[in-house]
Protein chains: 2
Amino acid sequence: MLFYNISIGFYAVASKSMQPLGFEKHDHATCISDAVERADAVCRDSGLQFTPVRRRVLEILLSDHRARGAYEILDILRNEGLGSQPPVAYRALEFLVAHGFAHRIEKLNAFIACGYSEHNHMPAFLICRNCGSVAETDAAPNRSAVGRIAKAAGFHIERAIVEVEGLCPECQEAEA
Amino acid sequence: MLFYNISIGFYAVASKSMQPLGFEKHDHATCISDAVERADAVCRDSGLQFTPVRRRVLEILLSDHRARGAYEILDILRNEGLGSQPPVAYRALEFLVAHGFAHRIEKLNAFIACGYSEHNHMPAFLICRNCGSVAETDAAPNRSAVGRIAKAAGFHIERAIVEVEGLCPECQEAEA
DNA sequence: TATTGATATGTTATAAAATAACAATTAACA
DNA sequence: TGTTAATTGTTATTTTATAACATATCAATA
Ligand SMILES: [Zn+2]
Ligand SMILES: [Zn+2]
Ligand SMILES: [Zn+2]
Ligand SMILES: [Zn+2]
């Protein structure tokens, strides 16, 4: 199974009629296991418990690099007998987000696996309003115009939510 | 009644023990009427109906330049006999947001009056995690690092959600 | 100004997203 | 092994948002 991405982490989405174009392929088979492996190692090093539910939720998020709602994830867990009530999903997601293995996308009320191996970076997302695909890149708020304004105002930035909406390359072609 | 802001639009909040410092004062009495007046004029020019509910919701949002949830606004409307069910508040807010008189803050599931007279700009917000105050400034995503990356990736930006969390100047002092 | 089509509001009901609270279980460590 | 801390199970509820349809109001024009 092959998925496509570009260097900044623009992910293809399984749903709808999106045809990736101009994207590098990536070997999705090793991509999931690699990311899970990395998370496992980080947890071992940090004394965190990478429990079955947490591992499985990360796998689900990685399975097609798509943004998924908590209840969508819960449905899968329920079918697999790994938990049937909302708090189970929300707790696992809270853990993954807290430790940088996943991110929450406010605009979508959804979660996505982190596409970067460096932990605790500040992500920015490009969200296609047509096909729902989501690309991850880096926000670097302190070096941005907003960062300069914040500094001038004496505001100390701890976290940035940067979610850009628009049309991905494929959907621009489709509209034309 | 005086509220304080700085040139980029950092607003004081009525709640909690926040003491504005280093902010310019602004004449809040005229501030509300001016903004409502502006919205009225824009609506007249554009053939939009600036109805009593819509006007009142804008006044509420302006009344202390604070981010307010839809149900908080609905409570006020209900007390005033202007509508008692959620759709009334949500419709008015949808109208105000659609025409640039207010913005939705995703991180807070809340709404705030636009602090700028130029319509349809792309706002960015500085949100204090301690006192909840919200400052509005400009995102200018096309000139940002994310904008450059998006362009390189062939992604067409239509809208940007930029919400920066951290500590406002006052709360930094309080923590120290 | 009476007709009429569009826009806005009133209302009921429900959906969707998230959390509080407490009990039961499992892991970590002395 | 016993003790504490962390995690999960479970029930119930809260918060946020929308669908659907009835009624009222507005705006244009016949
Ligand atoms: Zn992959
Ligand atoms: Zn697309
Ligand atoms: Zn004011
Ligand atoms: Zn503050």
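Here the structure is a predicted model, which is why all the values come from computation and not from measurement. Chains are numbered independently. Their residues run from 1 in the order of the written sequence. To label them, take the chains in the order written and letter them from A, then take the ligands in the order written and number them from 1. Residue-level local features of this predicted model are given only where pLDDT is at least 70; pairs of side-chain atoms are given and counted only at 80 or more, and the full residue set underlies all totals for whole chains, interfaces and linings. Derived side-chain values reflect all non-hydrogen atoms in the structure, with water molecules and hydrogen atoms excluded from consideration.

Caption draft 1: Local environment of the interface of chain B and chain A. In this description, contact between two residues means that some pair of their heavy atoms is separated by no more than 4.5 Å. Taken together, the contact pairs 34 residues of chain B with 34 residues of chain A. The working definition used for a salt bridge is a side-chain nitrogen of Lys or Arg within 4 Å of a carboxyl oxygen of Asp or Glu. Where chain B touches chain A, the interface holds four salt bridges. We note a salt bridge from Arg129(B) to Glu158(A), for which the minimum N-O separation is 2.7 Å. Numbering goes from the N terminus for both helices and strands, where a helix is a DSSP run of H or I of at least four residues and a strand is a run of E of at least two. Mapped by element, the contributors of at least two residues to the side of chain B that touches chain A are strand S5 (123-128), strand S6 (134-138), helix H5 (145-153), strand S7 (156-167) and helix H6 (169-175) of chain B. The dominant element in the side of chain B that touches chain A, judged by the number of residues it contributes, is S7(B), at 12 residues. Residues are grouped as follows: Ala, Val, Leu, Ile, Met, Phe, Trp, Tyr, Cys and Pro are nonpolar; Asp, Glu, Lys and Arg are charged; every other residue, Gly included, is polar. Considering only residue class, the side of chain B that touches chain A consists of 21 nonpolar, five polar and eight charged. Only when DSSP finds a minimum of two bridges between them are two strands counted as paired. In the sheet, strand S7 (residues 156-167) of chain A pairs with S7(B) via 11 bridges, with the strands oriented antiparallel. Within S7(B), the position partnered with Ala160(A) by the bridge is Val164(B).

Caption draft 2: The arrangement of the pattern of salt bridges in detail. All names here are of chain B. In this structure the tally under the stated criterion is 28 salt bridges over all chains. The partner of Asp40 in a salt bridge is Arg44, and the shortest N-O contact between them spans 3.5 Å. Taken together, the positions of Asp40 and Arg44, both in helix H1 (residues 28-46) and four residues apart, correspond to about one turn of that helix. Accessibility here uses a 1.4 Å probe with only protein chains present; expressed as a share of the type maximum, an area under 20% marks a residue as buried, one over 50% as exposed, and anything in between as partly exposed. Judged by its relative accessible area of 16%, Asp40 falls in the buried class. One salt bridge connects Arg66 with Glu72, and the closest N-O pair in it is separated by 3.0 Å. Its relative accessible area of 31% is what places Glu72 among the partly exposed residues.

Caption draft 3: Examining the coordination of the zinc ion (ligand 4) more closely. Residue and element names in this part refer to chain B. Protein coordination at the zinc ion (ligand 4) comes from Cys128 (SG), Cys131 (SG), Cys168 (SG) and Cys171 (SG), with a distance range of 2.2 to 2.3 Å. Nitrogen, oxygen and sulfur within 2.8 Å of a metal are treated as its donors, or within 3.2 Å for sodium, potassium and calcium (Na, K, Ca); water is not counted, so a site can appear incomplete. Just to be clear on the cut-offs, tetrahedral is four donors with all angles between 85 and 135 degrees, square planar is four donors and octahedral six with opposite donors over 155 degrees apart and all others between 65 and 115, and anything else goes down as irregular. Geometry at the zinc ion (ligand 4) is tetrahedral, judged from its four donor atoms and the angles of 106 to 115° they form at the metal. Sequence spacing of the donor residues for the zinc ion (ligand 4), all on one chain, is C-x2-C-x36-C-x2-C. Both residues of the pair, Cys168 and Cys171, count as buried.

Caption draft 4: Local environment of the protein's contact with DNA strand C. Here a residue is near a molecule or strand as soon as one of its heavy atoms is found within 4 Å of it. For DNA strand C, the set of nearby residues contains 17 residues, the closest of which are Tyr71(A), Tyr90(A), Arg104(A), Thr51(B) and Arg91(B). Contact between DNA strand C and Tyr90(A): a phosphate oxygen at 2.9 Å from a side-chain N or O atom of the residue. Any N or O atom pair separated by 3.5 Å or less is treated as a polar contact, with the protein-specific requirement of one donor-capable and one acceptor-capable atom, and with residues adjacent in sequence counted only for side-chain atom pairs. Between Arg104(A) and DNA strand C, the recorded distance is 2.6 Å, taken from a side-chain N or O atom to a phosphate oxygen. Contributing elements (two or more residues each) for the surface near DNA strand C: helix H4 (86-98) of chain A together with helix H2 (52-63) and helix H4 (86-98) of chain B. With four residues, H4(A) is the single largest residue contributor to the surface near DNA strand C. Each residue belonging to the surface near DNA strand C can be placed in one class, and the counts come to eight nonpolar, five polar and four charged.

Caption draft 5: Spatial organisation of the environment of Arg56(B). Residues and elements named next belong to chain B. With respect to the element layout, Arg56 can be found in helix H2. Between the C-alpha atom of Arg56 and that of Val36, which follows or precedes it by 20 residues, the distance is 9.2 Å. Leaving out residues up to four positions away in the same chain, Arg56 has contacts with Ile76, Leu77, Glu80 and Leu82. Among the polar contacts listed, one links the side chain of Arg56 to the side chain of Glu59, at a separation of 3.0 Å. A polar contact is formed between the side chain of Arg56 and the side chain of Glu80, at a distance of 2.8 Å.

Caption draft 6: Just the packing of helix H3 (residues 70-79) of chain A against H4(A), in detail. Residue and element names in this part refer to chain A. It is at 9 Å that the axes of H3 and H4 come closest, and there the two elements cross at 110°. Comparing the axis directions of H3 and H4 gives the class roughly perpendicular. The handedness of the crossing between H3 and H4 is right-handed. For the pair formed by H3 and H4, the contact residues are Ala70, Tyr71, Ile73, Leu74 and Leu77 on the first element and Pro86, Val88, Ala89, Tyr90 and Leu93 on the second. The class makeup of the residues in the contact of H3 with H4 is 10 nonpolar, no polar and no charged. Where helices are involved, their axes are fitted lines through C-alpha atoms of the stretch in contact, as for all axes, and angles between N-to-C directions lie from 0 to 180°. By definition in this entry, angles of less than 35 degrees are roughly parallel, angles greater than 145 are roughly antiparallel, angles of 65 to 115 are roughly perpendicular, and the rest are oblique. Each crossing gets its hand from how the near helix is turned against the far one by less than a right angle, where anticlockwise is left-handed and clockwise is right-handed.

Caption draft 7: Quick peek at the protein's contact with DNA strand D. What surrounds DNA strand D is a group of 16 residues, the closest being Thr51(A), Arg91(A), Tyr71(B), Tyr90(B) and Arg104(B). The sugar and phosphate moieties of DNA strand D supply 47% of its atoms located within 4 Å of the protein. Within the side chain of Thr51(A), an N or O atom sits 2.4 Å from a phosphate oxygen of DNA strand D. One nitrogen or oxygen atom from the side chain of Arg91(A) is found 2.5 Å from a base oxygen belonging to DNA strand D. Ranked by the residues each element gives to the surface near DNA strand D, the list is headed by H4(B), at four residues. Of the residues in the surface near DNA strand D, the class split is seven nonpolar, five polar and four charged.

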